[in-house]
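Summary of structural features
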Amino acid sequence: MSQPIELSLEQQFSIRSFQTQVQKMSHEQAQDFLVKLYEQMVVRETMYKEFLKHEWGLDSKPKF
């Protein structure tokens with residue numbers, strides 16, 4: 001089993017602060033926020049994949 005990633009104190013504080021903010025949201029606000037957050041995660045993942053493809057030279061088409 002792999003070791004869990006340890007977060008810095010600053011990151012832990014940020015998560016607690018986020019938790020407090022979410023608890024103050026209405027149900028509808030929380031749902032909207034989750035959809036936006038998920039969208040950002042998908043965009044970030046796509047950007048990472050494109051970056052890695054470029055860095056590894058996987059995005060160039062073979063020249064015949």
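In what follows, the accompanying structure is described. (Residues numbered from 1 in each chain as written. Predicted model: local features only at pLDDT ≥ 70, side-chain atom pairs only at ≥ 80, totals over all residues. Heavy atoms only, no water.)

A word on the overall build of the protein. Check the secondary structure of the protein and you find two helices and zero strands. Computed over the C-alpha atoms, the radius of gyration of the protein is 18 Å, more than 25% above the 11 Å expected from 2.2 N^0.38 for a compact globule of 64 residues. Along the three orthogonal principal directions, the C-alpha set of the protein runs to about 60 × 30 × 25 Å. A buried classification covers 0% of the 64 residues belonging to the protein. Summed over its atoms, the accessible surface of the protein is roughly 6900 Å², and 59% of this surface lies on carbon and sulfur atoms. Distance from the positive charge centre (8 side chains) to the negative charge centre (9 side chains) of the protein: 3 Å. (Helix = DSSP H or I, 4+ residues; strand = E, 2+ residues; numbered from the N terminus. Rg over C-alpha atoms; globule rule 2.2 N^0.38 Å. Buried < 20%, exposed > 50% of the residue type's maximum accessible area, 1.4 Å probe, protein only. Areas by Shrake-Rupley, 256 points an atom, 1.4 Å probe, with all protein chains shown as cover. Lys, Arg positive; Asp, Glu negative; His and termini not counted. Charge placed at Lys NZ, Arg CZ, Asp CG, Glu CD.)

It is worth spelling out a nonpolar patch on the surface at this point. Among the surface-exposed residues, F51, L52, W56 and L58 lie close enough to one another that they form a single nonpolar patch of about 470 Å² accessible area. Considering the arrangement of structural elements, one finds F51 in helix α2 (residues 27-55). (Patch = residues over 30% accessible without salt bridge, like charges linked within 9 Å, V, L, I, M, F, W, Y side chains within 5 Å. Salt bridge = Lys/Arg side-chain N within 4 Å of Asp/Glu carboxyl O.)

Our next topic: the environment of S2. On the secondary structure map, S2 appears in the segment before α1 (9-23). For the pair S2 and S14, spaced 12 residues apart in sequence, the C-alpha to C-alpha distance is 24 Å.

Now for the packing of aromatic side chains. Applying the stated criterion to the full structure yields one aromatic pair. Arranged with centres 5.5 Å apart and planes meeting at 40°, the rings of F18 and F33 form a pair that is tilted. Of this pair, F18 sits in helix α1 while F33 sits in helix α2, placing them 15 residues apart in sequence. When its relative accessible area of 30% is taken as the criterion, F33 is described as partly exposed. (Phe/Tyr/Trp six-rings, centres within 6.5 Å; stacked < 30°, edge-to-face > 60°.)

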